[in-house]
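Summary of structural features
Residues per chain are reported as follows:
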Amino acid sequence: MAGGIATSRSVRKPAPADIGRPTSEPAAVRWLLIGIAVLFLTLIVLLPLITVFVEGLKRGWEVYLSALIDPDAVSALKLTLLVAAIAVPLNTVFGIAASWLIAKFSFRGKSLLLSLIDLPFSVSPVIAGFMFLLLFGAQGYLGPWLDERGLQVVFAPPGIVLATMFVTFPFVARELIPLMQAQGIQEEEAAATLGAKGFRIFWSVTLPNIKWGLLYGLVLCNARAMGEFGAVSVVSGHIRGETNTLPLHVEILYNEYQFSASFAAASLLMLLALLTLGAKSLVEWKTAQRNQDLEG
Amino acid sequence: MSKRNSLSKWPVLLLTASLALGLTACGSGNNAANSAGSGGAANAPAENTAANAGATEAPAPKDPVELLNVSYDPTRELYVSFNAAFAKYWKDKTGQEVTVKQSHGGSGKQSLSVIGGLKADVVTLALGYDIDAIAEKGLLNKDWKGKFEDNSAPYTSTIVFLVRKGNPKGIKDWSDLVKDGVQVITPNPKTSGGARWNYLAAWGYAQKQDGGDEAKTKEFIKKLFQNVPVLDSGARGSTTTFTERGIGDVLLAWENEAFLSQKELGDKFEIVYPSLSILAEPPVAVVDKVVDSKGTREVAEEYLKYLYTDEGQKIAADNFYRPINPDIAAQYKDTFKDLELLQIDKDFGGWAEAQKKHFADGGTFDEIYTPGSK
């Protein structure tokens, strides 16, 4: 590569400026386009983001901190993390299993399975919530049976976990399927001819290949699990300090005229999102590095 | 051959593994619910104490108890203060710790949640009909109204207008709401208790003006709702629409909600009392089925009775609900203006009839309101 550049330089010495400029548009057009993009990003993403922190801190650090250590806020944070801690691993296991099945095997009903996996993407979260209410609510199909056994699903954490799982169901699988399909099954076949058993094949051949895609799926799944509002709102019952997740807590505070506290809680959610984004960037960077290593 | 076999076993195994994991997680989820005290506490007291760190000192006189009060939208602040006062009272009286959890939303929606399995020990809703609906499903006695004094309504309220400072549109009475160019904010009568009181107050006013000509009354209400740009699902949503988003010229609000927005948001708003309004009696009830299964009947009943004490009445009045105790009401007579009030039982034949006539499917509200019509 380095050699290539050196040659081209020596050949086209009279116009060195051309080399650094891949496009031929005049500077004004380029700056206009860049300006529009930056303006758009600022208006749509950056400004609202900053607003959250500014509003949260409007009444000073004390109000901000007291909003964060408020028992209801702490319990909302705990519930949000608990829900993500249950929903994300389960959906990961399922996602790997499903994408393995879909990418590496052909069978009848494969496209039906694919559509089923996509279903949560196309169903509105509110409807997802109502589905669980109809199923597990006291007037629902399974409600009376559960009630006799003293089990509470909706208006309690299990219902919130179920609703979150439903909504975040496709993220890992949808990330892995195209990747696994592109990779094909040759490597697994080679491993099998060398006498490797199923789990060994998965562990030493398939998993290393999908590692980064899987992480990316995980990150997306987690972000959605922590931020889900609609489906959770329906099955939560809004009991403070008990079945309120962080997004619901933010709404409640806002409705109580506690705007600073509400934005403080929102900024907490935002921090979780930023952490997730950071993790995502790290994964992307690693992937890019790995691809470069492969090409080099 | 062997290659295909070893590969094809795997998806099955993985799926089984994920299922097994799923079951374990569900199990732990259920435990969490139990320890939180919301679900099925009756069947598993042992599990409860084991999982609940706070409850482990079993030999103490009485285990801490938790109540869930499912309420409607504008009572948030009222019950925050009231719960604290009651917890203190109960602790002094019995030595038992009591925590009252709150859940708020549109009255009709909250009633549906309780019917759907939300384990409320007590319900404190915007109108009797929403509690009747719960009684209908057998969760509490149908004669719940007779259980506490004054039709089980420990405080009352009414419907007033909240307008922007200086009252730029000059809104004085219901008749000003149907004028062209006036935007009225009210929640949806299908989901909000407050909105149903709004609707009936407007109906009562129109009926009086028109001398009982129902066609004219409907025309009036129809015009009024043509002036409504957004129908929120609960009273608090409407208040934020009016105060925060700045939509509309007049908010039809609970008197307490109007006072509260003035208190919270400064004097950007003025309260206007119409010539006629309605006496709103937000009732309270113990949900028999839940308290009996949780064993919380005694404390739940005491909780509601405490609303009738001088202390409870004062807390209600401080949160802008009209106290029913005449002595306490006299102390607050500067806050609450006297005005002519319609009564649901006398003027509308009770909630069951009002609900059927106006708000059930095919009622007058469905007749006059078509979404998006202008």
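The rules behind the values
- Residues numbered from 1 in each chain as written.
- Chains lettered and ligands numbered in written order.
- Predicted model: local features only at pLDDT ≥ 70, side-chain atom pairs only at ≥ 80, totals over all residues.
- Heavy atoms only, no water.
- Salt bridge = Lys/Arg side-chain N within 4 Å of Asp/Glu carboxyl O.
- Helix = DSSP H or I, 4+ residues; strand = E, 2+ residues; numbered from the N terminus.
- Buried < 20%, exposed > 50% of the residue type's maximum accessible area, 1.4 Å probe, protein only.
- Domains from an automatic or database assignment.
- Contact = heavy atoms within 4.5 Å.
- Buried area = accessible area lost by both parts, 1.4 Å probe.
- Polar contact = N/O pair within 3.5 Å; in protein donor to acceptor, adjacent residues only side chain to side chain.
- Nonpolar A, V, L, I, M, F, W, Y, C, P; charged D, E, K, R; others polar.

Here we come to the pattern of salt bridges. Summed over the entire model, instances satisfying the criterion amount to 29 salt bridges over all chains. Here Lys119(B) ties to Asp147(A) by a salt bridge, and the two come within 3.0 Å at their closest N and O atoms. Of this pair, Lys119(B) sits in the loop between helix H4 (107-115) and strand E3 (122-124) while Asp147(A) sits in helix H7 (residues 143-148), placing the two residues on different chains. What makes Asp147(A) partly exposed here is its relative accessible area of 36%. Between Arg236(B) and Glu257(B) there is a salt bridge; the shortest N-O distance is 2.6 Å. Of the two residues, Arg236(B) is situated in helix H9 (residues 235-243) and Glu257(B) in helix H10 (residues 255-265); the sequence distance between them amounts to 21 residues. Residues Arg236(B) and Glu257(B) agree in their burial class; the two are buried. Sharing partners across several salt bridges, the network here consists of Lys147(B), Asp288(B), Asp292(B), Arg297(B) and Glu301(B).

All right, on to the domain arrangement of chain B then. All names here are of chain B. Each domain of chain B was delimited in the assignment, giving domain 1 (65-153 + 282-308) and domain 2 (157-277 + 338-368). Put simply, the middle of domain 1 and the middle of domain 2, counted by C-alpha atoms, are 27 Å apart. Tallying the contact residues gives 16 residues for domain 1 and 19 residues for domain 2. Together, the buried faces of domain 1 and domain 2 total about 1200 Å²; carbon and sulfur atoms form 59% of this surface. Ranking the residues of domain 1 by area buried against domain 2 places Pro74, Leu127 and Tyr129 at the top, with a combined share of 40%. Our count for the domain 1 to domain 2 interface comes out at two salt bridges. At the boundary of domain 1 with domain 2, the tally comes to five residue pairs in polar contact (both at pLDDT 80 or more). A class-by-class count of the residues in the side of domain 1 that touches domain 2 yields six nonpolar, five polar and five charged.

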